[in-house]
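# Breakdown of the fold
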Amino acid sequence: MNVHESEKLAGMLVSLGYTKTEDMKFADVIVFNTCSIRDGVDQKIMGNIGATKKLKKNKPSLVIAVCGCMTQADGASEKVSEKFPFVDIIFGTHNIHLFKEYLLKHKDSKKKIRDVWEKEKGIFETVEMLRDNLFSNAWVNINYGCNNFCSYCIVPYVRGRERSRSPEDIIVEVKGLINDGYKYITLLGQNVNSYGNDFEDKSINFAYLLKTLNELEGDFRLKFMTSHPKDLSEDLIKVIAEGDKISKYIHLPIQSGNNKVLREMNRKYTREHYLCLIDMIRKYMPDAYISTDIIVGFPGETEDEFLDTKDIIEKVRYDGVFAFMYSRRKGTVADKMENQVDEDTKKDRIHRLLQVSKSITKDKNKELVGKKLNVIAVKNTEDGFETMSDSGKTIFVENTDLNVNNFYTVEITRFTKNKLFATLTKGE
């Protein structure tokens, strides 16, 4: 989400005649688009902003702007303004579309601007964009905000309530991306499964949107993130399974494998329900790539409760696990909970969790030998032609010259500790 919003910020700057520079010493405008998901991120952001003080002193005309989730949090914009008086423009997540207006106003008046909206005010479609074009992947927002209020998460407080874009606007944007040659189109939302919940017409939901986009003409693949287990339906799983242009990759965060911890996290599902969803996914898509997010060291988490999470990893055998140590966020329910877990215990648990995950990944790579996968060609390397699967796996195709950004079907032939190797299938 932050990467995509940075593309919008860059697009607005390009529309004013600016070009990107890799060296901040030559910059006329520096924009910090901040995250606030973990405390360590906040500290890093503060350090990076502080490092521009010398640049501003040497070049007074330099414009420094700070925006995003951190500035949207209660009291944060005031803190940034007080700690870094050389920052010129401060705004939040709800009014990113006004950045160009703020920049022009500041350059004209030389006055500092701080404008953080307390509440979301709908969806604003008319924003320029400078896409990074990473492996021909384009991000497309389908909804904004979150209504879930997981007890550890700051997102609903800084992103606002859920608002869905109209299917017509999304279709127009996706058609344009297909015509521009983008091969992967990733649909974004804090919870894509809740798309359309705010519409009067309840037939317009995420399953409808995916099915409609899958029917568009062109050579492309649809991906999406992130899915919330409480809203994942059988109808949606069927649409994914049947869609020839929809990647068979589902990122389904469980966060914990223990029901007591899940209740305290306010996740609104049980371990048993989650495992039923996994069974349903594999019923319709036996070879689906499934990844997850996990938080270790949630307040009060006992060793036995942690072992339930470890057990879930062993039962599901995820293709990818993104594990994080719980980080306190001011303003969330979990921050006020007693029995905060100490850092050494968190580190020990995440290490043990990742060791299990790495072992499963090795076994899964072994199981891939002989399987056929859809890939996109990225670049030629010493190991072979680097390609990327729909699930994001890097696969090296040996003894073959491919056309960059074209799709191919390959057969996995072998694997080493960290790499997968393949050959083109017959007819490619």
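Because the structure is predicted, anything quoted here is derived from the model rather than measured. (Residues numbered from 1 in each chain as written. Predicted model: local features only at pLDDT ≥ 70, side-chain atom pairs only at ≥ 80, totals over all residues. Heavy atoms only, no water.)

Secondary structure summary: the protein contains 14 helices and 17 strands in total. Over its C-alpha trace the protein gives a radius of gyration of 23 Å, about what one expects of a compact globule, namely 22 Å for 428 residues. Over its C-alpha atoms, taken along the principal directions, the protein stretches across nearly 65 × 55 × 50 Å. A burial count over the protein gives 52% of its 428 residues as buried. The long-range share in the protein, meaning contacts at least 24 apart out of those at least 6 apart in sequence, stands at 72%. The average position of the 66 basic charges and that of the 64 acidic charges among the side chains of the protein differ by 4 Å. (Helix = DSSP H or I, 4+ residues; strand = E, 2+ residues; numbered from the N terminus. Rg over C-alpha atoms; globule rule 2.2 N^0.38 Å. Buried < 20%, exposed > 50% of the residue type's maximum accessible area, 1.4 Å probe, protein only. Contact = heavy atoms within 4.5 Å. Lys, Arg positive; Asp, Glu negative; His and termini not counted. Charge placed at Lys NZ, Arg CZ, Asp CG, Glu CD.)

On to the sheet that holds strand S4 (residues 113-115), then. If you trace the four strands from one edge of the open sheet to the other, you get S1-S2-S3-S4, paired in parallel fashion. The sheet is open, and its two borders are formed by strand S1 (29-34) and S4, each paired with just one other strand. Across the sheet, the mean angle separating the axes of adjacent strands is 10° when strand polarity is ignored. (Pairing = 2+ DSSP bridges. Axes fitted to C-alpha atoms, helices over the stretch in contact; angles between N-to-C directions.)

What follows covers the pairing of strand S5 (residues 137-141). Among the five residues that make up S5, four are buried, leaving the element largely enclosed by the rest of the structure. Where S5 and strand S8 (residues 184-188) come together, five bridges link them in parallel fashion. Pairing of Trp139 across the sheet is with Thr186, part of S8.

With that settled, the discussion passes to a negative patch on the surface. There is a patch of like negative charges on the surface, built from Asp74, Glu78, Glu82 and Glu118. Looking at the element boundaries, Glu82 is found in helix H5 (residues 76-83). Its relative accessible area of 66% is what places Glu82 among the exposed residues. (Patch = residues over 30% accessible without salt bridge, like charges linked within 9 Å, V, L, I, M, F, W, Y side chains within 5 Å. Areas by Shrake-Rupley, 256 points an atom, 1.4 Å probe, with all protein chains shown as cover. Salt bridge = Lys/Arg side-chain N within 4 Å of Asp/Glu carboxyl O.)

What follows is about the environment of Leu213. Tracing the backbone through its elements, the reader meets Leu213 in helix H9 (residues 206-214). Along the chain, Leu213 and Phe99 lie 114 residues apart, while their C-alpha atoms are 31 Å from each other.

With that settled, the discussion passes to the packing of helix H12 (residues 271-284) against helix H13 (residues 303-316). Taken N-terminus to C-terminus, the directions of H12 and H13 make an angle of 15°; their axes are 12 Å apart at the nearest point. On the basis of the axis angle, H12 is roughly parallel to H13. Crossing handedness for the pair H12 and H13: right-handed. Contacts between H12 and H13 pair Arg271, Leu275, Ile278 and Arg282 from the former with Asp308, Asp311, Ile312, Lys315 and Val316 from the latter. A per-class count over the contact of H12 with H13 returns four nonpolar, no polar and five charged. (Parallel < 35°, antiparallel > 145°, perpendicular 65-115°, else oblique. Left-handed = near helix turned anticlockwise from the far one by under 90°. Nonpolar A, V, L, I, M, F, W, Y, C, P; charged D, E, K, R; others polar.)

Counted by the stated rule, this structure contains zero disulfides. We note that Cys69 lacks a disulfide partner, and the nearest cysteine sulfur, in Cys35, lies 6.0 Å from it. Cys69 gets classed as buried once you look at its relative accessible area, which sits at 7%. With no disulfide partner, Cys153 has as its closest neighbouring cysteine sulfur the one in Cys150, 6.1 Å distant. Taking the relative accessible area as the measure of exposure, Cys153 reaches 15% and is therefore buried. (Disulfide = S-S within 2.5 Å.)

Attention now goes to unusual backbone geometry. Following Met225, the chain continues into Thr226 via a peptide bond in cis, with omega recorded as 5°. Residue position: Thr226 is located in the loop between strand S9 (221-225) and helix H10 (234-242). Its identity as a non-glycine residue notwithstanding, Gln255 has a phi of 70°, on the positive side. Looking at the secondary structure, you find Gln255 in the loop between strand S10 (249-251) and helix H11 (259-265). A positive phi angle, close to 55°, is found at Asn399, a residue other than glycine. By relative accessible area, Asn399 is classed as exposed at 82%.

Looking now at the sheet that holds S9. Taking strand neighbours across the sheet as the criterion, the three strands line up as S5-S8-S9 in an open arrangement whose pairing is parallel. Each having just a single partner strand, S5 and S9 make up the two edges of the open sheet. Across the sheet, the mean angle from the axis of one strand to that of its neighbour is 25°, orientation sign disregarded. Across the sheet, H9 touches S8 and S9, and the angle it forms with S9 is around 160°.

A few words on the pattern of salt bridges. In this structure the tally under the stated criterion is 29 salt bridges. A salt bridge links Glu301 to Arg349; its shortest N-O distance comes to 2.9 Å. Of this pair, Glu301 sits in the loop between strand S11 (289-296) and H13 while Arg349 sits in helix H14 (residues 343-368); the two residues are 48 residues apart in sequence, bridging distant segments of the chain. Glu301 sits in the buried class, given a relative accessible area of 5%.

Let us now look at the packing of aromatic side chains. Aromatic rings considered in pairs are described by the distance between their centres and by the relative angle of their planes. As enumerated under the stated definition, the model contains 13 aromatic pairs in all. Relative to Tyr157, the ring of Phe149 has its centre 5.4 Å away and its plane inclined at 80°; by these criteria the two rings are edge-to-face. On the numbers, 6.2 Å between centres and 35° between planes, the contact of Tyr269 with Tyr274 is tilted. Look at Tyr269 and you get buried, because its relative accessible area is 7%. Here the aromatic residues Phe91, Phe99 and Tyr102 are joined through ring pairs into a cluster of three or more. We note Lys223 situated over the ring of Tyr184; from NZ or CZ to the ring centre the distance is 5.0 Å. Sitting above the plane of the Phe421 ring, Arg414 keeps its charged end 3.9 Å from the centroid. (Phe/Tyr/Trp six-rings, centres within 6.5 Å; stacked < 30°, edge-to-face > 60°. Lys NZ or Arg CZ within 6 Å of the ring centre and 35° of its normal.)

Nothing here speaks to function; it is geometry throughout.
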